[in-house]
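# Close look at the chain arrangement
Spelled out, the chains give:
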Amino acid sequence: LQAAAEGQMRALDTFRAAVATRLERPGVGAGAEMRAAARMLEAAANRVEGILVRDLARRRAEQHRIDAFNVALVGALTLLLYMLLRRVDVRSNTAFQALADSESRLRAFSSGVPGVSFLLDADGHYLEVFGSELALLAAPREAVIGRTIHDIFPKDVADGFTGVIRASLDRQAPQIHEYRMGLGR
């Protein structure tokens, strides 16, 4: 491109000189010289234009390759993301199903436990009530869940239960606790 541009500049200088000669000597020979310089200038301009057009075509082709690569890359990343999300979805569904199955087995087992059993958190909140004799409860099962031991029992009995819960958690072992309570029916 540099050489073609320099050639066009020389042709332009030759044409300018021919125009200056024609203006100084308006004779017949000066016109022919000016036409020859114009043809040289046009040929030089065509060479520069050809080089620029080929360079532009090369750059467009390169940009097209880059664009095609980017589209392929985005497609591959999208497919990878889909596969990862699908894997997470399958694992999540499997885990939820396993949890539901486990809960179902626990409910089936716990409904056969004689008497009444409770699942409590460390603070004495009732999380679940199990057993085959739920009629022994002073209130419906749904009314017990979410309440605390202190909401249900007298303070001295509730404090005893709270101590057993703490001991069980500290020792990581079951504890035995006996108490008496009258049924107010």
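This text gives an overview of the structure that appears in the document. (Residues numbered from 1 in each chain as written. Predicted model: local features only at pLDDT ≥ 70, side-chain atom pairs only at ≥ 80, totals over all residues. Heavy atoms only, no water.)

## Some remarks on the overall build of the chain
Helix and strand content of the chain: 5 helices and 2 strands. For 185 residues, the compact-globule estimate of 2.2 N^0.38 gives 16 Å, and the C-alpha radius of gyration of the chain, at 47 Å, exceeds that figure by more than 25%. Principal axes of the C-alpha set define a box for the chain whose edges measure 140 × 30 × 30 Å. Within the chain, the proportion of its 185 residues that are buried is 17%. Of the roughly 14,100 Å² of accessible surface on the chain, a fraction of 61% belongs to carbon and sulfur atoms. In the chain, which carries 24 positive and 22 negative side-chain charges, the distance between the mean positions of the two groups comes to 12 Å. (Helix = DSSP H or I, 4+ residues; strand = E, 2+ residues; numbered from the N terminus. Rg over C-alpha atoms; globule rule 2.2 N^0.38 Å. Buried < 20%, exposed > 50% of the residue type's maximum accessible area, 1.4 Å probe, protein only. Areas by Shrake-Rupley, 256 points an atom, 1.4 Å probe, with all protein chains shown as cover. Lys, Arg positive; Asp, Glu negative; His and termini not counted. Charge placed at Lys NZ, Arg CZ, Asp CG, Glu CD.)

## Structural notes on helix 5 (residues 155-171)
Over its 17 residues, helix 5 runs 24 Å from end to end, which matches the ideal 24 Å to within 8%, given 1.5 Å per residue. All of the buried residues in helix 5 are Val157, Ala158, Phe161, Thr162, Ile165 and Ala167. With its phi angle positive at about 55 degrees, Gln172 sits one or two positions after the end of helix 5. (Expected span 1.5 Å × (residues − 1).)

## Observations regarding the pairing of strand 2 (residues 126-131)
Most of strand 2 is tucked away: 5 of the 6 residues are buried. Two elements, strand 1 (residues 116-120) and strand 2, share 5 bridges in a ladder whose sense is antiparallel. By the bridge assignment, Phe118 is partnered in strand 2 with Val129. In textbook terms, the turn of a hairpin is the stretch between consecutive antiparallel strands, and for strand 1 and strand 2 this stretch comprises 5 residues, one of which, Gly124, has a positive phi near 85 degrees. (Pairing = 2+ DSSP bridges.)

## With respect to the environment of Glu128
Turning to its location among the elements, Glu128 is positioned in strand 2. Overall, the relative accessible area of 12% leaves Glu128 in the buried class. Along the backbone, Glu128 and Ala108 are 20 residues apart, and their C-alpha atoms lie at a distance of 14 Å. Apart from residues lying up to four places away in sequence, Glu128 is in contact with Arg107, Ser117, Phe118, Leu119, Arg141 and Ile145. (Contact = heavy atoms within 4.5 Å.)

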